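Fold and geometry: a report
Letter by letter, the chains look like this.
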Amino acid sequence: RSAHCEPIVEAAVGNQRIKHRKDLIWDKYKVPEDLAGFIHSFVAFAETFPACIVLSDMAMPGNPMLFVNRDFCRVTGFAKHEAQGRNCRFL
């Protein structure tokens, strides 16, 4: 959870209820309960943000990307299912 990201996400999504889209997050990743609200809000916001955005869990071996947004896929040419679960070094 980043002190820099949280105000941006809160300003963008406010108190509105965000639909959890499990298809946006790597299917083998278990979202920590204490961060679930923030992560789901962040990826819902970040999916259409006009810049490449990647989330990685540094606590997992190999630091796999658990989320990549639409612009990441457009710029790199990789589909979500091709990039998620991998370390970004493959790029």
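Presented here is an overview of the structure given in this document. (Residues numbered from 1 in each chain as written. Predicted model: local features only at pLDDT ≥ 70, side-chain atom pairs only at ≥ 80, totals over all residues. Heavy atoms only, no water.)

Regarding the packing of aromatic side chains
- This model, assessed by the stated rule, comprises 3 aromatic pairs.
- Relative to Phe42, the ring of Phe38 has its centre 6.0 Å away and its plane inclined at 25°; by these criteria the two rings are stacked. Taken together, the residues span about one helical turn, with Phe38 and Phe42 both in helix H2 (residues 36–46) at a distance of 4 residues. Summarising the burial analysis for this pair, Phe38 and Phe42 share the class buried.
- Taking NZ or CZ as reference, Arg86 lies 3.8 Å from the ring centre of Phe90, over its face. (Phe/Tyr/Trp six-rings, centres within 6.5 Å; stacked < 30°, edge-to-face > 60°. Helix = DSSP H or I, 4+ residues; strand = E, 2+ residues; numbered from the N terminus. Buried < 20%, exposed > 50% of the residue type's maximum accessible area, 1.4 Å probe, protein only. Lys NZ or Arg CZ within 6 Å of the ring centre and 35° of its normal.)

Looking at the side chain of Asp57
- By the element assignment, Asp57 lies in the loop between strand S1 (54–56) and strand S2 (65–68).
- Among buried charged residues, Asp57 stands out as having no salt bridge; its nearest opposite-charge side chain is Lys30, 11 Å away.
- Non-local contacts of Asp57, meaning those with residues more than four positions away in its chain, are made with Tyr29, Asn63, Pro64 and Leu66. (Lys, Arg positive; Asp, Glu negative; His and termini not counted. Salt bridge = Lys/Arg side-chain N within 4 Å of Asp/Glu carboxyl O. Contact = heavy atoms within 4.5 Å.)

Describing the environment of Leu66
- Its location among the elements puts Leu66 in strand S2.
- By relative accessible area, Leu66 is classed as buried at 4%.
- Between the alpha carbons of Leu66 and Ala83 there is a distance of 8.8 Å; along the sequence they are 17 residues apart.
- If near-sequence neighbours (up to four positions away) are discounted, Leu66 is found in contact with Leu24, Ile25, Trp26, Tyr29, Leu55, Ser56, Asp57 and Gln84.

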